[in-house]
Structure formats: C-alpha cells, structure tokens
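Spelled out, the chains give:
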Amino acid sequence: MVRLRFVAAISLWSLVALGVVVPLVWLINNRDWGVALMLLVPFIVYGLMRLGRLLEAWANAAQRP
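Bear in mind that the values here come from a model prediction, so they are computed numbers and not experimental data.

1. Examining the overall build of the chain
At step 1: Along the chain, the regular secondary structure elements total two helices and zero strands.
At step 2: A principal-axis box enclosing the C-alpha atoms of the chain has dimensions of 55 × 15 × 5 Å.
At step 3: Burial analysis of the chain (65 residues in total) assigns 14% to the buried set.
At step 4: When the accessible surface of the chain is totalled, it reaches about 5200 Å², and 72% of it is carbon and sulfur.

Written out as structure tokens, the structure is:
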C-alpha cells in the first residue's frame, strides 16, 4: 500500500507538471505576448514544489502507525 501511494504521488505530480510546463513553454516560445508569461514562471514553479510536498506528505502518511 505504501509503495502504491508513492507511485501514485510521483505519477500525479509528473502529469500535473507536464500539463502545466509544456503549454507554458509553448506559449512563451510561440506567442509575442508569451514573454510576459515569464513573470509567472517563479509562481508556477513554487506551486509545483508545494504540490510535490503535499503529495509527499500524503504518501508518507501511510507509513505512520
């Protein structure tokens, strides 16, 4: 059960990160106004880090007795 939670957490984070980063990079690269989106990048990275920490805490919650 614990291993399943870790795999689910990593998979979910990877899908969210891929789903957020790929469109963002595409917009920055292909649109003239996309350069303005670079101002949002630090907040998006921070959000992905917070999501990773939340998922890690969820996965580790199964280990506690």
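2. Let's talk about helix H2 (residues 41–60)
At step 1: Spanning 20 residues, H2 covers 28 Å between terminal C-alpha atoms, matching the ideal 28 Å at 1.5 Å per step.
At step 2: Within H2, the full set of buried residues consists of Leu 48, Leu 55 and Ala 59. Viewed along the axis of H2, the buried residues span an arc of 40°, placing them on a single side of the element. The exposed set on the far side of H2, more than 90 degrees from its buried face, consists of Pro 42, Phe 43 and Leu 54.
At step 3: Elements in contact with the buried residues of H2: helix H1 (2–30).

3. What about the environment of Gly 34?
At step 1: With respect to the helices, strands and loops of the structure, Gly 34 is situated in the loop between H1 and H2.
At step 2: When its relative accessible area of 0% is taken as the criterion, Gly 34 is described as buried.
At step 3: When the C-alpha atoms of Gly 34 and Leu 24 are compared, they prove to be 8.3 Å apart, with 10 residues separating the residues in sequence.
At step 4: Each residue touching Gly 34, except ones within four places of it in the same chain, is listed here: Leu 27 and Ile 28.

4. Examining the UniProt feature "transmembrane region" (unreviewed entry) in the chain
At step 1: In the numbering adopted here, UniProt assigns the feature "transmembrane region" (unreviewed entry) to residues 7–27 and 33–49.
At step 2: As annotated, residues 7–27 has a helix share of 100% and a strand share of 0%, and its two end C-alpha atoms lie 30 Å apart.

5. Some remarks on a nonpolar patch on the surface
At step 1: The grouping of Leu 12, Val 16, Val 20, Val 21 and Val 25 at the surface amounts to a nonpolar patch, some 340 Å² of accessible area in total.
At step 2: Positionally, Val 20 belongs in helix H1.

What counts, and at which threshold
Residues numbered from 1 in each chain as written. Predicted model: local features only at pLDDT ≥ 70, side-chain atom pairs only at ≥ 80, totals over all residues. Heavy atoms only, no water. Helix = DSSP H or I, 4+ residues; strand = E, 2+ residues; numbered from the N terminus. Buried < 20%, exposed > 50% of the residue type's maximum accessible area, 1.4 Å probe, protein only. Areas by Shrake-Rupley, 256 points an atom, 1.4 Å probe, with all protein chains shown as cover. Expected span 1.5 Å × (residues − 1). Arc of directions from axis to C-beta. Contact = heavy atoms within 4.5 Å. UniProt positions renumbered as here; feature names shortened; annotations may be inferred. Patch = residues over 30% accessible without salt bridge, like charges linked within 9 Å, V, L, I, M, F, W, Y side chains within 5 Å. Salt bridge = Lys/Arg side-chain N within 4 Å of Asp/Glu carboxyl O.

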